[in-house]
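The primary structure of each chain is shown beneath.
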Amino acid sequence: MLGYDFIDYNEKGNLTISGCDCVELAKKYGTPLYVMSEDEIRRRCREIRENHIEKYNGFAVYASKAFLNKEMCRIIKSEGLGLDVVSGGEIYTAYSAEFPMDKVIFHGNNKTMEELEMAIKYGVGRIVVDNFYEIDCLEELLSVEDRKIDVLIRITPGIDGHTHEFIKTGQVDSKFGFSIFDDSADRAFQRLLNLKNINIKGFHSHIGSQLQENEIYKKEIEVLASYVKKIKDLYNFEVDELNVGGGFGIYYVEGDIRRNISFFTDVINETVISEFNRLNLKKPLVIIEPGRWIVGEAGITLYTIGCIKEIKGVRKYVSVDGGMADNPRPPLYDAQYTAVLANKINRNDEEIVTIAGKCCESGDILIKDIKLQKVESKDILAVLSTGAYNYSMASNYNRMRKPAVVMVFSGKDRVIVKRESYEDLIRYDV
Ligand SMILES: Cc1ncc(COP(=O)(O)O)c(C=O)c1O
Ligand SMILES: N[C@@H](CCCC[NH3+])C(=O)O
């Protein structure tokens, strides 16, 4: 239903996800509630395995910033993917869930000494070196180690992804990576090459997030390949790995296109093959880093509707028991979502309403002007495609408690993250 294979409705007219009745889930666990479909997450991991790892002998790491907790680490581990982490907290979560740390790639534009030390201690597989300060830190930390660590060098390819300003990363004016438009990337390469405890495995770049087109990856790889060629010519150094980042777009609302992973991975791999061939370079291991594409569409958020306020001739506000604290994306990126009333799926008495959150901000609007079945207080609203960057970006603004996360799998449900309690909110207050 609604184009999501794992979302449907039952004989009661209630929305179901992976065979679980959403109204029952709301009753059992309370709202707001994040619900994630394990079937869908695993199906997408398999799609990546078949179309990238097996078809092209590549590798994929899940960008854990999109949605991370211990259970997600276990799922990703069992699907054979690696993990992209960006903080000590993400490293610690992976380590605690017994994730194979050699399959972890550590990113970040300002990794602290403590985080780098942790990455080395826990045996993180690759550190993606982002800047000169990080090289200084690594040099200091590794001076007392007698083993080598593997690194990738992050370069800024100077490519402007067609996406929201806040989620672009590959353009010249970016806080991430070494520029190839001055001598920064070259100087970084030389310094790292001369450090005896560093083993350079290759390069990394990432253009941005929620990208809907694949041509941009072609451009990115052309830039990367010509840089690899330059390095080969100057230093007779061939890279083993090329990490092209993530950013594959998903379906949120009409106008977005639901893409198979092969839409992106075929272009990526075919461009690598043809460019590296053309430039007479050894074909590297191609690494991709999808986050949103794996979990975004797999998640929904359930809310209970409370106050309904109609301003005659202006707007009808329908307020839910969550909002920007559990989903900051609409105020932050002007993100668009669609939603349905989970308890009234096959009703067609529609009206246009605006879904407001309960935070003390006029900007806390989840969906502006959406056509819904006739809304009443206590209805259950399901907002779709909330699996990425909702739970992971949730805050305690207004001292809201972060919702629980329930994983559903073939008709069964289980809590994977408990709802915060009021006690949790004052736990660190002194
Ligand atoms: C370095 C890096 N890799 C991967 C990702 C994953 O992005 P997405 O969730 O859009 O796939 C990001 C975020 O944009 C990123 O910064
Ligand atoms: N948080 C962003 C994505 C950031 C991607 C990380 N580089 C979003 O919700 O769309």
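On a predicted model such as this, the values are computed, not experimentally measured, just so you know.

Colleague: Before we go on, may I ask you to explain the overall build of the chain in this structure?
Modeller: Across its full length, the chain carries twelve helices and 21 strands. By the compact-globule yardstick of 22 Å for 430 residues, the chain fits well, its C-alpha radius of gyration being 23 Å. C-alpha atoms of the chain, sized along the principal axes, occupy 70 × 55 × 40 Å. Contacts spanning at least 24 positions in sequence make up 69% of the contacts within the chain whose residues lie at least 6 apart. Total accessible area computed for the chain in this model is approximately 18400 Å², and 48% of it derives from carbon and sulfur atoms. Considering the chain, the positive charge centre built from 57 side chains and the negative charge centre built from 66 side chains are found 3 Å apart.

Colleague: Whenever I open this one, the pattern of salt bridges confuses me. Can you help?
Modeller: Side-chain pairs of opposite charge can arise where the charged atoms are in close proximity. Here the structure, examined in full by the defined rule, presents 40 salt bridges. Close ionic contact of R427 with D424 constitutes a salt bridge, the shortest N to O distance being 3.1 Å. You can call R427 exposed: its relative accessible area is 54%. Salt bridges sharing common partners tie together E38, R42, R49, E71, R74, E79 and R414.

Colleague: How should the UniProt feature "active site" (unreviewed entry) in the chain be read in this particular structure?
Modeller: Mapped onto this numbering, the UniProt entry gives "active site" (unreviewed entry) at C360. Examined against the element boundaries, C360 turns out to sit in the loop between strand 17 (350-356) and strand 18 (365-373). Filtering out sequence-adjacent residues up to four positions away, C360 remains in contact with Y397 and N398.

Colleague: How should I be thinking about the site of ligand 2 in this particular structure?
Modeller: What surrounds ligand 2 is the set K65, I167, S209, R292, R329, Y333, Y389 and M393. Interatomic distance of 2.6 Å between a side-chain N/O atom of R329 and an oxygen atom of ligand 2. Protein chains bury 84% of the 310 Å² of accessible surface belonging to ligand 2 in isolation. Given that more than half its atoms are within 2 Å of the pocket grid, ligand 2 belongs to the largest pocket. Partitioned by chemical class, the residues of the shell around ligand 2 number four nonpolar, one polar and three charged.

Colleague: Can you walk me through the site of ligand 1 in this structure?
Modeller: Taken together, 16 residues are adjacent to ligand 1, and H206, S209, G247, E289 and Y389 come closest. Within the contact set of ligand 1, a nitrogen atom lies 3.3 Å away from a side-chain nitrogen or oxygen of D84. Measuring from an oxygen atom of ligand 1, one finds a side-chain N or O atom of S209 at 2.3 Å. Summarising the interface, the protein chains cover 93% of the accessible area of ligand 1, which totals 390 Å² for the free molecule. Judged by the proximity of its atoms to the pocket grid, ligand 1 belongs to the largest pocket.

Colleague: What am I meant to see in the nonpolar core here?
Modeller: Across soluble globular proteins, nonpolar side chains show a tendency to be buried alongside one another. Among the nonpolar cores identified, the biggest contains 109 residues, and I41, I127, F203, V295, I355 and L381 are the most heavily contacted of them. Not counting the four nearest positions on each side in its chain, I41 is found in contact with M36, M72, I75, I294, V295, A298 and M407. Grouped together as the second largest cluster of nonpolar side chains are 25 residues, I7, V23, Y251 and I380 included.

Colleague: So what exactly am I meant to see when it comes to the side chain of D186 here?
Modeller: Counting through the fold element by element, D186 comes out in helix 7 (residues 184-193). Here D186 falls in the buried class, since its relative accessible area comes to 12%. Within the structure, the side chain of D186 is placed 2.8 Å from the side chain of K230, a separation counted as a polar contact. Ignoring any residue separated from it by four or fewer positions in sequence, one finds D186 in contact with Y227, K230 and Y235.

Colleague: How do you make sense of the side chain of D130 when you look at a structure like this?
Modeller: Examined against the element boundaries, D130 turns out to sit in the loop between strand 8 (126-129) and helix 6 (132-142). With no salt bridge to any partner, buried D130 finds its closest opposite charge in R154, at an N-O distance of 4.3 Å. Setting aside anything within four residues of it in sequence, one finds D130 in contact with G108, N109, K111, R154, K175, F176, G177 and F178.

Colleague: Hey, could you run me through the packing of helix 5 (residues 113-122) against helix 6 in this one?
Modeller: Two measures define how a pair of helices packs: the angle their axes make with one another and the distance between the axes. Relative orientation of the contacting elements helix 5 and helix 6 amounts to 55°, with a least axis distance of 10 Å. Considering their axes alone, helix 5 and helix 6 lie oblique with respect to each other. The interaxial crossing formed by helix 5 with helix 6 has right-handed handedness. Counting all contacts with helix 5, which are made through M113, L116, E117 and I120, the residues of helix 6 involved are Y133, E134, C137, L138, E140, L141 and L142. Its residues placed into classes, the contact of helix 5 with helix 6 shows eight nonpolar, no polar and three charged.

Conventions adopted
Residues numbered from 1 in each chain as written. Chains lettered and ligands numbered in written order. Predicted model: local features only at pLDDT ≥ 70, side-chain atom pairs only at ≥ 80, totals over all residues. Heavy atoms only, no water. Helix = DSSP H or I, 4+ residues; strand = E, 2+ residues; numbered from the N terminus. Rg over C-alpha atoms; globule rule 2.2 N^0.38 Å. Contact = heavy atoms within 4.5 Å. Areas by Shrake-Rupley, 256 points an atom, 1.4 Å probe, with all protein chains shown as cover. Lys, Arg positive; Asp, Glu negative; His and termini not counted. Charge placed at Lys NZ, Arg CZ, Asp CG, Glu CD. Salt bridge = Lys/Arg side-chain N within 4 Å of Asp/Glu carboxyl O. Buried < 20%, exposed > 50% of the residue type's maximum accessible area, 1.4 Å probe, protein only. UniProt positions renumbered as here; feature names shortened; annotations may be inferred. Near = heavy atom within 4 Å. Polar contact = N/O pair within 3.5 Å; in protein donor to acceptor, adjacent residues only side chain to side chain. 1 Å grid on protein atoms, 1.4 Å probe; cavity = no way out; pocket = protein on both sides within 12 Å on 5 of 7 lines; lining within 4 Å. Sits in = over half its atoms within 2 Å of the grid points. Nonpolar A, V, L, I, M, F, W, Y, C, P; charged D, E, K, R; others polar. Core = buried A, V, L, I, M, F, W, Y, C linked by side-chain atoms within 4.5 Å. Axes fitted to C-alpha atoms, helices over the stretch in contact; angles between N-to-C directions. Parallel < 35°, antiparallel > 145°, perpendicular 65-115°, else oblique. Left-handed = near helix turned anticlockwise from the far one by under 90°.

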